[in-house]
Amino acid sequence: MGKIALITGISGQDGWFLSELLLKKGYDVYGISSPKALIGISHLNKKVHLIQCDLTDTHSVTSVVEKIQPDEIYNLAAQSQVGLSFSIPIYTAEIDALGVLRILDAIRILGLNKKIKFFQASSAELFGASKDFPQTENTSFEPVNPYGIAKLYGYWITKNYRESYGIFASNGIMFNHESEYRGEIFVTRKISIGVAKIAKGLQDKLYLGNLDALRDWGYAKDYVECMWKMLQHNEADDFIIATGKNYSVRDFATIAFREVGIDIHWNGEGINEKGTDKKSGKILVEVNPDFYRPLDTWKLMGDPQKAMNHLGWTHKTKFDDLIKIMVQNDLKILF
């Protein structure tokens, strides 16, 4: 009989790819998500045991862990929209901080310390305003938004339960990772689907926020492989999952438009910057200051050397290829 895995937040892009990976490896996979979100993963309904669990309720979490008794838990559940975390900071903390504690404490209370291996999906937003570049596992944490602050608690409580109770609990500090399954409220998918709509005459312009923000963008399908490798490692540890390269939001949009045969010329600065179709002269991109965050992380780039050396992992998908996958998928959806 194969291993049993429990994935929280299975309806997200990471849950989508991770569940497929684990199923191929012979795992018996259980997934937790909200009833509304489960509609989006109907392709997995016959292969994954989908269950409901409230991560804000300690009894609910403990009951699920006790019933399933998984070999591995991948905690991917989160309120993951950085901008939205300023509007709903308490809910963000309930899920991204205390939700982690509820799972770890369930493992402790049930005496499953030696049975269950735990993966915590941590975030590059931990680094926030850090001056170190690129960021490594030893870089100081300076989060600048409620999401990053909640994730920082999740990081430290994972480390604490590992050291205090001997739980195999590891943090994967994941830098920005995207895919064709990314929600449309995230800037990368907003760009890919916006470009596809513009190419098909369904949208006139694309409105973006801070074009200068630099991020280390990878493909979610590559990153879930690192998650799995972390729980197969001989000891629990914390690893950065990143590509080691960064690009601006402007770069992402430029390449996305190029994928549909449009060359963008950028002119102006700050909120007055515009992206123009070189051929037609039509303005296709404008900046909307409403999309700026109260306090933003400007420059993130991770050093994945530790994961490469200890886990034998490296990202496979190039930045241009990631954007191609996303734009081509959105063109098919709109066809």
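All values derive from a computational prediction rather than experimental measurement. (Residues numbered from 1 in each chain as written. Predicted model: local features only at pLDDT ≥ 70, side-chain atom pairs only at ≥ 80, totals over all residues. Heavy atoms only, no water.)

Q: Which parts of the structure should I look at to understand the overall build of the protein chain?
A: Secondary structure assignment for the protein chain yields ten helices and 15 strands. Its C-alpha atoms give the protein chain a radius of gyration of 20 Å, within 12% of the compact-globule value 20 Å for 335 residues. Projected onto the principal axes, the alpha-carbon positions of the protein chain cover approximately 65 × 45 × 40 Å. Across the protein chain, every contact between residues at least 6 apart in sequence was considered, and the portion connecting residues at least 24 apart equals 72%. For the protein chain, the computed accessible surface area is about 14,900 Å², with 51% contributed by carbon and sulfur atoms. (Helix = DSSP H or I, 4+ residues; strand = E, 2+ residues; numbered from the N terminus. Rg over C-alpha atoms; globule rule 2.2 N^0.38 Å. Contact = heavy atoms within 4.5 Å. Areas by Shrake-Rupley, 256 points an atom, 1.4 Å probe, with all protein chains shown as cover.)

Q: Sorry if this is basic, but what is going on with the side chain of His-177 here?
A: Tracing the sequence through the fold places His-177 in strand 7 (residues 177-178). Among the polar contacts made by the side chain of His-177, one reaches the main-chain carbonyl oxygen of Phe-175 at a distance of 2.9 Å. In this structure, His-177 is in contact with Gln-13, Asp-14, Arg-182, Gly-218, Tyr-219, Ala-220 and Tyr-223, ignoring residues within four places of it in sequence. (Polar contact = N/O pair within 3.5 Å; in protein donor to acceptor, adjacent residues only side chain to side chain.)

Q: Hey, could you run me through the packing of helix 1 (residues 13-24) against helix 7 (residues 220-232) in this one?
A: Angle between the axes and distance between the axes: these two values describe a pair of packed helices. Two elements in contact, helix 1 and helix 7, have axes whose closest approach is 9 Å; the angle formed by their N-to-C orientations is 60°. Considered as vectors, helix 1 and helix 7 are oriented oblique to each other. The crossing of helix 1 and helix 7 is right-handed. Facing helix 1, whose interface residues are Gln-13, Asp-14, Phe-17, Leu-18, Leu-21 and Leu-22, helix 7 presents Ala-220, Lys-221, Val-224, Glu-225, Met-227 and Trp-228. (Axes fitted to C-alpha atoms, helices over the stretch in contact; angles between N-to-C directions. Parallel < 35°, antiparallel > 145°, perpendicular 65-115°, else oblique. Left-handed = near helix turned anticlockwise from the far one by under 90°.)

Q: Before we go on, may I ask you to explain helix 2 (residues 58-68) in this structure?
A: Since one α-helical turn is 3.6 residues long, residues separated by three or four positions face the same way. Considered for burial, the residues of helix 2 that qualify are Ser-60, Val-61, Thr-62, Val-64, Val-65 and Ile-68. Buried residues along helix 2 sit against strand 1 (4-8), strand 2 (28-32), strand 3 (49-51), strand 4 (72-75) and helix 4 (89-109). Residue Asp-57 occupies the N-cap position of helix 2, its side-chain oxygen lying 3.1 Å from the main-chain nitrogen of His-59. (Buried < 20%, exposed > 50% of the residue type's maximum accessible area, 1.4 Å probe, protein only.)

Q: Please explain the sheet that holds strand 15 (residues 283-287) as it appears in this structure.
A: Pairing between the strands of a sheet comes from backbone hydrogen bonds, and it takes one of two forms, parallel or antiparallel. What the four strands build is an open sheet, ordered 8-15-14-13; its pairing is mixed. The open sheet is flanked by strand 8 (206-208) and strand 13 (264-267), the only strands paired with a single partner. Averaged over all neighbouring strand pairs, the angle between strand axes comes to 20°, with direction disregarded. Where strand 14 (residues 274-277) lies against strand 15, three bridges are found, and the strand directions are antiparallel. (Pairing = 2+ DSSP bridges.)

Q: Explain the packing of aromatic side chains here, please?
A: We describe a pair of aromatic rings using the distance from one ring centre to the other and the angle between the two ring planes. Under the defined criterion, the tally for this structure stands at 15 aromatic pairs. Between Tyr-223 and Trp-313, the ring centres sit 5.7 Å apart and the planes meet at 85°, which makes this aromatic pair edge-to-face. Of this pair, Tyr-223 sits in helix 7 while Trp-313 is found in the loop between helix 9 (305-311) and helix 10 (319-334), placing the two residues 90 residues apart along the sequence. On the basis of relative accessibility, which here comes to 0%, the residue Tyr-223 falls in the buried class. Members of the aromatic cluster, joined through ring pairs, are Phe-127, Phe-141, Tyr-155, Trp-156 and Phe-175. In this arrangement the basic side chain of Lys-25 is found over the ring face of Trp-228, its NZ or CZ atom lying 4.0 Å from the centre. (Phe/Tyr/Trp six-rings, centres within 6.5 Å; stacked < 30°, edge-to-face > 60°. Lys NZ or Arg CZ within 6 Å of the ring centre and 35° of its normal.)

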